[in-house]
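# Summary of the model geometry
The lines below spell out each chain.
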Amino acid sequence: MKKYLPRKCINFISLFFILSICAFADSSYKVNKGDTLYSISRKYQITVAELRAANNLSENDVLKAGQKLIIPEADISTAAALSTSKNANSSANVSNTKTTVIEVQKGDTLYSISKKYGLSVADLLAINNLDSSAVIKVGQKLKVKSNEENTAKKDNSNTEKTTVINVTEKVPDTRTYGNTFTADSSTKWPVSNPKITQVKGKISGVQLSAKKDENVLCIHEGTVMYVGTYRGFGQVVFVQSKTGLIYAYTGLSTVKVKKGEYAVSGAELGKAGIDSLTGNSQITFMVFQNGQPIDPGKAPRS
């Protein structure tokens, strides 16, 4: 005999999923007494740097109760670019790009301008040779891409989008996978002898199979720039090399290092976690240069 959930229970579950998804959409947030950028970033599982960029806030700005903040969509490439200690010169994919100059208007932020002109925040910083902690001012001149396909796109950042998930179905894995191959012994990886699966598209990197609770090791020394839970990636560690590369170790079950520490090659960063969609013990590993992903297999080791 089939059993059915009471209608009230089904409605409650549906509402829970809708509210959960809305909480993670590109939206706004009204600051409450006692809120900090850090506490809000933890709530929405993004970085403080992303919050600052989306709201044109400096490190010295103090939040006020009732203040309205834009909560940007999570983008790990933007998070990596904004987590660097200093933004490097224009990356290869934008250095030779034709640009046009715009003037910053009241209410503009790096985030809103990047969306309007079809750029990533990382590209906007690179084109203008701006530091990752830059705050823009009204009347300031900024370069943006002049390509017709990327220019003056309609800004839909204020349009609320709600996705309804059927509670009887498993949430689909939306990642795009490439080939799977076995690591060769000459290349150092964060875990030992992993099966390597390419991940393509917006998320560009590799998934590495791991033993349960296996130690995840630093493959290139550098400064720990970010430690925390990042939306869609679980617990994450960013390590910046002296040359400015960001090594992103994601999907950790536990983290052993703290922001600001210097991680030497071979140091334990944490332990491998269980992927929520596949149920496998694995991590996702990415390397970024000025917010742009590069092939993790070719990234320098030390």
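This section reports on the structure supplied with the text. (Residues numbered from 1 in each chain as written. Predicted model: local features only at pLDDT ≥ 70, side-chain atom pairs only at ≥ 80, totals over all residues. Heavy atoms only, no water.)

### Let's talk about the overall build of the protein chain
Secondary structure summary: the protein chain contains seven helices and 15 strands in total. Counting every position in the protein chain, which comprises 302 residues, the buried fraction comes to 40%. Contacts in the protein chain between residues at least 24 apart in sequence constitute 65% of all its contacts with a sequence separation of at least 6. For the protein chain, the exposed area adds up to about 16900 Å²; of that, 52% sits on carbon and sulfur atoms. (Helix = DSSP H or I, 4+ residues; strand = E, 2+ residues; numbered from the N terminus. Buried < 20%, exposed > 50% of the residue type's maximum accessible area, 1.4 Å probe, protein only. Contact = heavy atoms within 4.5 Å. Areas by Shrake-Rupley, 256 points an atom, 1.4 Å probe, with all protein chains shown as cover.)

### Let's talk about the pattern of salt bridges
The tally for this structure, following the rule as stated, stands at three salt bridges. In this structure, the salt-bridge partner of Glu268 is Lys256, at a minimum N-O distance of 3.5 Å. Highlighted residues: Glu268 in strand E13 (residues 268-274) and Lys256 in the loop between strand E11 (246-255) and strand E12 (262-263), separated in sequence by twelve residues. Judged by relative accessible area, Glu268 falls into the partly exposed class, the value being 21%. Connected via shared salt-bridge partners are Lys256, Glu268 and Lys271. (Salt bridge = Lys/Arg side-chain N within 4 Å of Asp/Glu carboxyl O.)

### Details of the layout of surface pockets
To find leftover empty space, a probe the size of one water molecule is rolled over the atoms. The calculated volume of the second largest pocket comes to roughly 560 Å³. Lining the second largest pocket are 27 residues, with Val48, Ala49, Arg52, Leu82 and Lys259 positioned closest to its centre. Mapped onto the lining of the second largest pocket, the elements with two or more residues apiece are helix H2 (37-44), helix H3 (48-55) and strand E9 (222-230). (1 Å grid on protein atoms, 1.4 Å probe; cavity = no way out; pocket = protein on both sides within 12 Å on 5 of 7 lines; lining within 4 Å. Points joined across faces, edges and corners; volume = space filled by probe spheres on them.)

Remember, this is a structural readout, not a statement about activity or role.
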